[in-house]
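Analysis of the macromolecular model
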Amino acid sequence: MSEKTRVILKLSGEALSNGDSQAIDPEKVRAIAKEVKMAYDLDKFEIGIIVGGGNIWRGKTASEMGMERSSADYMGMIATILNALALQNAIEELGIETRTMTSLNIPQVAEPYIRRKAISNFEKNRIVIFGGGTGNPYFSTDTTSALRAAELGAKRILMAKNGTDGVYDKDPRKYKDATKYTQLTHQEVLELGLGVMDSTASALCKDNDIEIVVFDMNQPGNIKRAAAGDAVGTRIY
Ligand code: UDP
């Protein structure tokens, strides 16, 4: 058994984009890869990465515009695979071995997601990038993070945020007097409706004792700090 702590890093799709002009900005992806490497180089963590697809496509938005929800969601899942492959490329350029595993099978480009193989990849010191969400419509990549953390025995999800540095009692962009929580219980997150993750994902974390750290990924070194359990952002337990 490895002594390392297994963590799941959740990146939103938007973290890879530079706004409107480019859904996947190689510069941004490279910068994230460097931050991931800082955590990897500590040699204390087995790192799984789950990336969203919101920079390219969101099923719910498309369905609100009249598209059939399941088809729209499958498109969203495929979008997450594009992001996963971009991340894989950038991390491997830094000399780290990785595997992308997808819940929708595209064997020509990535391994199919098989739990035991994922564990074996971790044990071989590979960073594992999970594409395709849960493989089911009506879910999100937040839920995927909770699900993979539970089944792969990861005790901590690192929720990397772009433009916010934790969980607040109200929207800090709208209210000057918004207060940041340094820690919260899962129960409080659910009761207060704080919207850290969708409620399915929150409930899964609560039921399986998975800690979540919500932090600002734009602060250099924060992924490493969050992995180590240092006080960054908001800790939910
Ligand atoms: N999606 C899905 N099932 C999953 C994960 C994702 O149907 O298990 C679809 C859904 O349409 C979602 C899109 O993929 O809108 C992109 O994922 P998400 O919204 O979680 O990405 P993020 O907001 O993190 O970029």
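Residues numbered from 1 in each chain as written. Predicted model: local features only at pLDDT ≥ 70, side-chain atom pairs only at ≥ 80, totals over all residues. Heavy atoms only, no water.

1. Considering the UniProt feature "binding site: UMP" (unreviewed entry) in the protein chain
- If you check UniProt for "binding site: UMP" (unreviewed entry), the listed places come out as Gly53, Asp73, Thr134, Gly135, Asn136, Pro137, Tyr138, Phe139, Ser140 and Thr141 in our numbering. Taken together, the annotated residues stretch across 89 residues yet fold into one region, lying no more than 14.1 Å apart by C-alpha. Lining the largest pocket, from the residues just named, are Gly53, Asp73, Thr134, Asn136, Pro137, Tyr138, Phe139, Ser140 and Thr141.
- Structurally, the position occupied by Thr134 is in the loop between strand E5 (127-131) and helix H5 (141-152).
- In contact with Thr134, not counting residues within four places along its chain, are Ser103, Phe139, Ser140, Thr144, Leu147 and Arg148.
- Relative to the elements of secondary structure, Ser140 occurs in the loop between E5 and H5.
- Apart from residues no more than four positions distant in its own chain, Ser140 is found in contact with Thr134 and Asp198.
- From its side chain, Ser140 meets the backbone nitrogen of Asp142 in a polar contact 3.2 Å long. (UniProt positions renumbered as here; feature names shortened; annotations may be inferred. 1 Å grid on protein atoms, 1.4 Å probe; cavity = no way out; pocket = protein on both sides within 12 Å on 5 of 7 lines; lining within 4 Å. Helix = DSSP H or I, 4+ residues; strand = E, 2+ residues; numbered from the N terminus. Contact = heavy atoms within 4.5 Å. Polar contact = N/O pair within 3.5 Å; in protein donor to acceptor, adjacent residues only side chain to side chain.)

2. Re the pattern of salt bridges
- All told, the structure shown has 17 salt bridges when counted by the stated rule.
- The residue Asp171 makes a salt bridge to Arg173 at a minimum N-O spacing of 3.4 Å. (Salt bridge = Lys/Arg side-chain N within 4 Å of Asp/Glu carboxyl O.)

3. Regarding the packing of aromatic side chains
- Inspection of every chain in the model, using the stated rule, returns two aromatic pairs.
- Here Tyr113 and Phe130 contribute two aromatic rings whose centre-to-centre distance is 5.8 Å and whose plane-to-plane angle is 75°, an arrangement assigned as edge-to-face. Of the two residues, Tyr113 is situated in the loop between strand E4 (111-112) and helix H4 (115-123) and Phe130 in strand E5; the sequence distance between them amounts to 17 residues. Phe130 carries the same exposure label as Tyr113, and that label is buried.
- The structure contains a cluster of three or more aromatic residues connected by ring pairs, namely Tyr113, Phe122 and Phe130.
- Here the basic side chain of Arg148 rests over the ring of Tyr113, its NZ or CZ set 3.7 Å away from the ring centre.
- Lying over the aromatic face of Tyr175, Lys170 brings its terminal NZ or CZ to 5.6 Å of the ring centre. (Phe/Tyr/Trp six-rings, centres within 6.5 Å; stacked < 30°, edge-to-face > 60°. Buried < 20%, exposed > 50% of the residue type's maximum accessible area, 1.4 Å probe, protein only. Lys NZ or Arg CZ within 6 Å of the ring centre and 35° of its normal.)

4. Side note on the side chain of Lys10
- Relative to the assigned elements, Lys10 resides in strand E1 (residues 5-11).
- Once residues lying within four places of it in the same chain are set aside, the contact partners of Lys10 are Ile50, Gly52, Thr141, Asp142, Ser145, Ile157, Leu158, Met159 and Ala160.

5. Section: the side chain of Arg156
- Within the secondary structure, Arg156 is located in strand E6 (residues 156-161).
- By relative accessible area, Arg156 is classed as buried at 17%.
- Among the polar contacts listed, one links the side chain of Arg156 to the side chain of Glu211, at a separation of 3.1 Å.
- Setting aside chain neighbours within four positions, we find Arg156 in contact with Arg6, Val7, Ile8, Ile210, Glu211, Val213, Ala226, Ala227, Ala228 and Gly229.

6. A few points about the sheet that holds strand E10 (residues 211-216)
- Overall, mixed pairing links the nine strands, which are arranged E4-E3-E5-E2-E1-E6-E10-E11-E9 in an open sheet. A strand with exactly one partner marks an edge of an open sheet, and here the two such strands are E4 and strand E9 (183-184).
- Where E9 lies against strand E11 (residues 234-236), two bridges are found, and the strand directions are parallel. Its bridge partner being in E11, Gln183 is matched across the sheet by Arg235.
- Across the sheet, H5 is in contact with E1, strand E2 (45-51), E5 and E6; its angle to E1 comes to roughly 170°. (Pairing = 2+ DSSP bridges. Axes fitted to C-alpha atoms, helices over the stretch in contact; angles between N-to-C directions.)

7. Quick look at the site of the ligand
- With respect to spatial proximity, 21 residues lie near the ligand, and among them Arg58, Asp73, Thr134, Asn136 and Thr141 are the closest.
- Note that an oxygen atom of the ligand is positioned 3.4 Å from one of the backbone N or O atoms of Gly76.
- At 3.4 Å, a backbone N or O of Met77 approaches an oxygen atom of the ligand.
- Protein coverage of the free-state accessible area of the ligand, which is 520 Å², stands at 92%. (Near = heavy atom within 4 Å. Areas by Shrake-Rupley, 256 points an atom, 1.4 Å probe, with all protein chains shown as cover.)

8. Details of the nonpolar core
- Grouped together as the largest cluster of nonpolar side chains are 31 residues, with contacts concentrated most on Leu9, Leu11, Ile49, Ile127 and Phe215.
- Among the elements of the structure, E1, helix H1 (26-40), E2, helix H3 (69-93), E5, E6, E10 and helix H8 (222-228) are those that each provide at least two residues to this core.
- Here this core takes six residues from H1, the largest share from any one element. (Core = buried A, V, L, I, M, F, W, Y, C linked by side-chain atoms within 4.5 Å.)

9. Things to note about the environment of Asn222
- Relative to the elements of secondary structure, Asn222 occurs in helix H8.
- Look at Asn222 and you get buried, because its relative accessible area is 7%.
- Each C-alpha atom of the pair Asn222 and Ile78 lies 28 Å from the other, and the pair is 144 residues apart in sequence.
- For Asn222, the residues in contact, after removing those within four places along its chain, are Glu35, Phe215, Asp216 and Val232.

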